[in-house]
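Understanding the architecture of this molecule
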Amino acid sequence: ASGAAGGKPRARSARAARVLKGREPRLREGTKNALFLRGSKTSELCSGVLKDLSSLRKPFGKMLQRRNPLHPFDDAPGIEFLCEKNDCSLFAMATHSK
């Protein structure tokens, strides 16, 4: 339900209040983690670029070692699942196809 002042949502329970407090904008946001994925076919050049990006982003990046048969424009839920599972809001995927 919306409150009377400005349409700001109002919590009806303590649990809802905690959830709303967690969703509020913060003055200083935390760092965003990045996930680096290899596609089903990845050239040596693309793998090298991913490794370099991963090393630049070192404490806040995670490089997955296995090949993932995902297609970012066709299979968005699969990538969303991996990002949510690894707590990453950014991702980079390298794949080599014709």
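In case you missed it, the structure is sitting above this.
**A few points about a nonpolar patch on the surface**
On the surface, Leu45, Val49, Leu53 and Leu56 cluster together to form a nonpolar patch covering roughly 420 Å² of accessible area. Along the chain, leucine 56 falls in helix H2 (residues 44-56). For leucine 56, a relative accessible area of 73% puts it in the exposed group.

**Brief notes about the sheet that holds strand E1 (residues 34-38)**
The sheet built from three strands is open, its strands ordered E2-E1-E3 with parallel pairing. Single-partner strands in this sheet number two, and they are strand E2 (61-67) and strand E3 (90-94). The sheet shows a mean angle of 20 degrees between the axes of neighbouring strands, direction not considered. Strand direction decides the pairing type here: E1 and E2, joined by four bridges, are parallel. Bridge pairing links alanine 34 to glycine 61 in E2. Here H2 sits on the sheet and contacts E1, E2 and E3; the angle it forms with E1, its principal contact strand, is near 165 degrees.

**As for H2**
One turn of the α-helix equals 3.6 residues, which is why residues spaced by three or four share an orientation. Relative to the 18 Å expected for 13 residues at 1.5 Å per residue, H2 spans 18 Å between its end C-alpha atoms, a close match to the ideal helical length. Within the sequence span of H2, burial applies to Ser47, Leu50 and Ser54. The buried residues of H2 all sit within an arc of 60 degrees when viewed along its axis, so they share a single face. Residues of H2 that are exposed and point over 90 degrees away from its buried face: Leu45 and Leu56. Against the buried residues of H2 lie E1, E2 and E3.

Conventions and cut-offs
Residues numbered from 1 in each chain as written. Predicted model: local features only at pLDDT ≥ 70, side-chain atom pairs only at ≥ 80, totals over all residues. Heavy atoms only, no water. Patch = residues over 30% accessible without salt bridge, like charges linked within 9 Å, V, L, I, M, F, W, Y side chains within 5 Å. Areas by Shrake-Rupley, 256 points an atom, 1.4 Å probe, with all protein chains shown as cover. Salt bridge = Lys/Arg side-chain N within 4 Å of Asp/Glu carboxyl O. Helix = DSSP H or I, 4+ residues; strand = E, 2+ residues; numbered from the N terminus. Buried < 20%, exposed > 50% of the residue type's maximum accessible area, 1.4 Å probe, protein only. Pairing = 2+ DSSP bridges. Axes fitted to C-alpha atoms, helices over the stretch in contact; angles between N-to-C directions. Contact = heavy atoms within 4.5 Å. Expected span 1.5 Å × (residues − 1). Arc of directions from axis to C-beta.

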